[in-house]
Amino acid sequence: MYLGIDLGTSNSAIVGNTGTDLKIFKTAEGTDVLPSVIYIDKRGHRLVGGRAYDQTILSPENVAQGFKRLMGTSTVLDFAGSGVTMSPEDASAEIIKTLLNQVQIEAGVAEITGTVITIPAAFNQMQSEATLRAAKAAGIEQVGLLQEPIAAAMAAMVSAKSKNGQFLIYDLGGGTFDVALVQSVGGQVNIIANEGINMLGGRDFDRLIVDSFIRPWLIDKFHLPNDFQSDPRFRRLMGIARLSAEKAKIDLSTREKTILFVSDEDARVLDGKGQDIYVEIEISRTQFEDLIADRIAETVALCRKVIKEHGFTNEDIDRVVFVGGPSKTPCIREIVPTELGIPADINSDPMTAVALGASIFAESRTWVGAESFRKASRGSAAVSGPIDIRYDYPARTAEDYAKVRLKPDASCDGKGYRIRVDMATGWTSGMVDVVSGTSIEVPLGILGENQLRISVFDPAGIVIETATSAFSITKGYASAAAVPATQTISVKVAEGVLGNERNALEPLIEKGTPLPAKGTTRLRAGIDLKGGEEGEILCELYQQAQGVPEPDLNLPVGEFAIRAKDIESGQSIRKGEDVIFHWKMDDNGILNVSVEVPSISQIFNKGNFFASVAGHRNFEGDSGQELATGVLEETARDLHKAEGVFASEAQESIDGLRRILDEQRNLLDQSDDADARRQVTEQARFIQQELSRLRHSPEHRKTALLTEMSEVLEEFNSLVRADASPSAIGRMEQLAETIRRACERGDRDSFDDAERAVREMRSILYSILFESPSYLAYLFRSMSSDRYLAVDKTLHDLLVKDGEDAIENEDVRGLRKALGRMMANRFEVGTNKAIAALAGLMRA
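Here the structure is a predicted model, which is why all the values come from computation and not from measurement.

Reading the values: rules and limits
Residues numbered from 1 in each chain as written. Predicted model: local features only at pLDDT ≥ 70, side-chain atom pairs only at ≥ 80, totals over all residues. Heavy atoms only, no water. Helix = DSSP H or I, 4+ residues; strand = E, 2+ residues; numbered from the N terminus. Rg over C-alpha atoms; globule rule 2.2 N^0.38 Å. Buried < 20%, exposed > 50% of the residue type's maximum accessible area, 1.4 Å probe, protein only. Contact = heavy atoms within 4.5 Å. Areas by Shrake-Rupley, 256 points an atom, 1.4 Å probe, with all protein chains shown as cover. Pairing = 2+ DSSP bridges. Axes fitted to C-alpha atoms, helices over the stretch in contact; angles between N-to-C directions. Core = buried A, V, L, I, M, F, W, Y, C linked by side-chain atoms within 4.5 Å. Parallel < 35°, antiparallel > 145°, perpendicular 65-115°, else oblique. Left-handed = near helix turned anticlockwise from the far one by under 90°. Nonpolar A, V, L, I, M, F, W, Y, C, P; charged D, E, K, R; others polar. Disulfide = S-S within 2.5 Å. Phe/Tyr/Trp six-rings, centres within 6.5 Å; stacked < 30°, edge-to-face > 60°. 1 Å grid on protein atoms, 1.4 Å probe; cavity = no way out; pocket = protein on both sides within 12 Å on 5 of 7 lines; lining within 4 Å. Points joined across faces, edges and corners; volume = space filled by probe spheres on them. Salt bridge = Lys/Arg side-chain N within 4 Å of Asp/Glu carboxyl O.

(A) View of the overall build of the protein chain. A count of helices and strands for the protein chain gives 19 helices and 42 strands. Here the C-alpha radius of gyration of the protein chain, 31 Å, is about what a compact globule of 844 residues would show, namely 28 Å. Projected onto its principal axes, the C-alpha coordinates of the protein chain cover approximately 105 × 75 × 55 Å. The burial tally for the protein chain puts 55% of its 844 residues in the buried class. Taking the contacts inside the protein chain whose residues are at least 6 apart along the sequence as the reference set, 68% of them involve residues at least 24 apart. As displayed, the protein chain has an accessible area near 35900 Å², and 47% of this comes from carbon and sulfur atoms.

And the structure:
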């Protein structure tokens, strides 16, 4: 049996596929979906699923839910009563174990050939890797990942009257939104394009209800501090309030009005005047729809973008397929098809479609060890002897009929020979002349293997026994033509003239590349490295957003150091020598890398090139609050700066980003959970990336370049001009004039020239600054206070001590060393050009 698992934010499901039958395995309560919830009582006893969900009212402090949105982070889930803690992937492993237990109880199946777990299209490398680790912790060895939109598309084929056409997958789950443009030919699904929003789902709708209805009502009704949501005394109250919001949201799918209700007995907390706190608020469907209207508009806008950017119109799309519990919301079912002008598919079950599609995908693979490969879609059979005939046919198809094509050689082509096709179902083709180009359409009456027997007759009508052929054609529900890479993965490199380099990104694999894929990328060493000594060449990978060239505004997903101590004594890597990346991305979207250095005949095998668990961000507690606050403050500074530059030219865009920033500030002020803090950091990155796109857009590039040039000149004149050499001063003035002239010309090549000149100006500025001990001390103290940005906080503390000792001893070399290591141990945030370690690699 093959299994498909939808490991969802709110609910999970598991489906089995025998090749001839699809089966949804039900929970102990008899439901198709398992709530993704875990409860641990004070004695350590665990409940998973529906019974755990029931405890959210009685004991919310001992319940974990929504942890899928924290996958790939080091955030800790705390079960207060028992003192037990879990990582998000440990919790996910518990959900998977429970789903597997459902299979054992209902089917008693011991042999599982292969399992596919679905992930959002927006998942990054760390989240994907964490999902695989969770599966293996649950005891699954033969496991693969599949993007949720692809699974939904394959599931849509099960009930489709036609296996051909284009359709749009609208996947709104508990935690994420994905959209995919899909083409199907004969049930073979091809993903033309897909996009996603990592922190937009039903849980965000729940939070909107809490913040817009429950919180104001409590503030008005009771004597509470303004920040009561972050007060531990009211943590239980807010946990139950979020559950009430979720239930109200679900109720409003079938009712016009409902009550947000928390009894004083459940809340068990008093306000400042000793009054029992409770919640009782009427909310209407119209109010809820108004509340989520902007978020739904975001999803529609993304759908339009995907359709338009790939050359389609609404008339080219046959239907919209809805996936995920929140997609059942009536206004979504009405607004999305109406706004897009595309009819809705009402046949697919949004709650189980993804698991269903995953099981279909699992059956379409050949599983060897821990890997899987696509089963062949074409087949052929041949007979030789008295006559030679080859038969070509589809080995796998989702169609009800398949064509068997005859390819006879000259000895029998049109010479009176005939064949007859007989099937195990009793169907027969009758006698057919053996003529080149002839095809026979055979009916595929059953799912799974359809057996065919082809008999050959000579011109006298006598069967040629030695020429008989037998083979099978597998009829499946659907198949995937290819799985596309969901992100562009790039390596950080230094570029520019010697001594004035700047960091940039060099793509390894582009978004949309059919997987699996492999390749070789040649780069160069950025520094000298001598075997047996200290030092390293750091190879850093980023998930690069379209149109955002700055490394520090993209998501770091992995790093690997070529260390001097790993090189034999007497050997060395010289700056400029080749460093070759041999990379492969599998169907799961996981990147594997080995790094070759030809000059020393050595290969460094990294394996999975993802950020280590130790490097994951922690969004829990004070550390998470500091991180989210710091990122938001940096983003606010960048946005304020952009407002001064672009306000008159891009007012609408700036205003939109300002609204998002204000929303995130309110969210951070009013929430005290890791999920909210992660959302804040994700949205802050989005704002910064949009500002980058604004700066690099053709209509705003001139303004951005002239502004940055002026800023660099001002810093140069005020900070270092007095100590700069005449040649440095002259070069700065020459570059400034180059930028002015290039911007006046205003064509793309000129703007590129101007951008290179700005980079060189900034490099000159910082190369002089970094020679100044006082500036190095200032930079060190600035970074020392940013402990919340440190990957390894223990290492950060040690480096702070090293730096302080270096300052006290006037050891400039030691201070530079401490600074360099602090930079390498730091999450990059915002556009602070001064705090960015130069890449250890250069473009070839």
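(B) Quick peek at the sheet that holds strand β12 (residues 165-172). One open sheet holds the 7 strands; their spatial order is β18-β17-β12-β13-β14-β30-β33, and the pairing between them is mixed. The sheet is open, and its two edges are formed by β18 (344-345) and β33 (514-515), each paired on a single side. Here strand β13 (residues 177-185) runs beside strand β14 (residues 188-197); their pairing, made up of 9 bridges, is antiparallel. Paired with A180 across the two strands is N194, which belongs to β14. Docked against the sheet, helix α4 (residues 148-156) engages β12, β13, β14, β17 (319-323), β18 and β30 (479-484), running at close to 125 degrees with respect to β12.

(C) The sheet that holds strand β22 (residues 389-394), seen in detail. With antiparallel pairing, the 4 strands of this open sheet are ordered in space as β21-β22-β24-β27. Edge positions in the sheet fall to β21 (378-383) and β27 (439-443), since each of these pairs with one other strand and no more. Each strand of the sheet is rotated relative to its neighbour by a mean of 25 degrees, with strand direction disregarded. With 6 bridges joining them, β21 and β22 adopt antiparallel strand pairing. Within the sheet, the bridge partner assigned to A382 lies in β22 and is R390.

(D) Fine view of the nonpolar core. Core analysis: the largest hydrophobic core is formed by 62 residues, its most contacted members being I5, I14, I38, L77, I95, I96 and I117. Ranked by residue count, the leading element in this core is helix α11 (residues 621-646), at 9 residues. When neighbours within four sequence positions are excluded, I5 is seen to be in contact with A13, I14, I96, L99, T115, V116, I117, T118, I140, A355 and A358.

(E) Representation of the packing of helix α18 (residues 793-808) against helix α19 (residues 812-824) in the model. Where α18 contacts α19, the axes come no closer than 8 Å and their chain directions differ by 160 degrees. As summarised for this structure, α18 and α19 are arranged roughly antiparallel, according to the angle between their axes. Considering the relative orientation of α18 and α19, their crossing is left-handed. Residues L795, H796, L799, V800, D802, G803, A806 and I807 of α18 pack against G814, L815, A818, R821 and M822 of α19. Here the contact of α18 with α19 is composed, by residue class, of 8 nonpolar, 3 polar and 2 charged.

(F) Looking closely at the state of the cysteines. Using the criterion set out here, one finds 0 disulfides in the structure. With no disulfide of its own, C331 lies 14 Å from the sulfur of C303, the closest cysteine sulfur. Residue classification places C331 among the buried positions, given a relative accessible area of 5%.

(G) Just the packing of aromatic side chains, in detail. Tallying each qualifying case throughout the model produces 11 aromatic pairs. Taken together, a centroid distance of 6.4 Å and an interplanar angle of 80 degrees make the contact between F205 and F288 edge-to-face. Of this pair, F205 sits in helix α5 (residues 202-221) while F288 sits in helix α8 (residues 285-309); the two residues are 83 residues apart in sequence, bridging distant segments of the chain. With relative accessibility at 1%, the residue F205 sits in the buried group.

(H) The arrangement of empty space enclosed by the protein in detail. Here the structure, examined in full by the defined rule, presents 6 cavities of 30 Å³ or more. Size it by volume and the second largest cavity reaches roughly 150 Å³. Of all the elements in the fold, those that place two or more residues in the lining of the second largest cavity are α3 (125-137), β11 (143-147) and β30. With 3 residues, the single largest contributor to the lining of the second largest cavity is β11. Grouping the constituent residues of the lining of the second largest cavity by class yields 12 nonpolar, 8 polar and 1 charged.

(I) Spatial organisation of the pattern of salt bridges. Counted under the stated rule, the structure contains 55 salt bridges. Across the pair D662 and R665 runs a salt bridge whose closest N-O atoms are separated by 3.7 Å. Taken as a pair, D662 and R665 lie in helix α12 (residues 651-670) at a separation of 3 residues, close to a single helical turn. Take D662: its relative accessible area is 34%, and that puts it in the partly exposed class.

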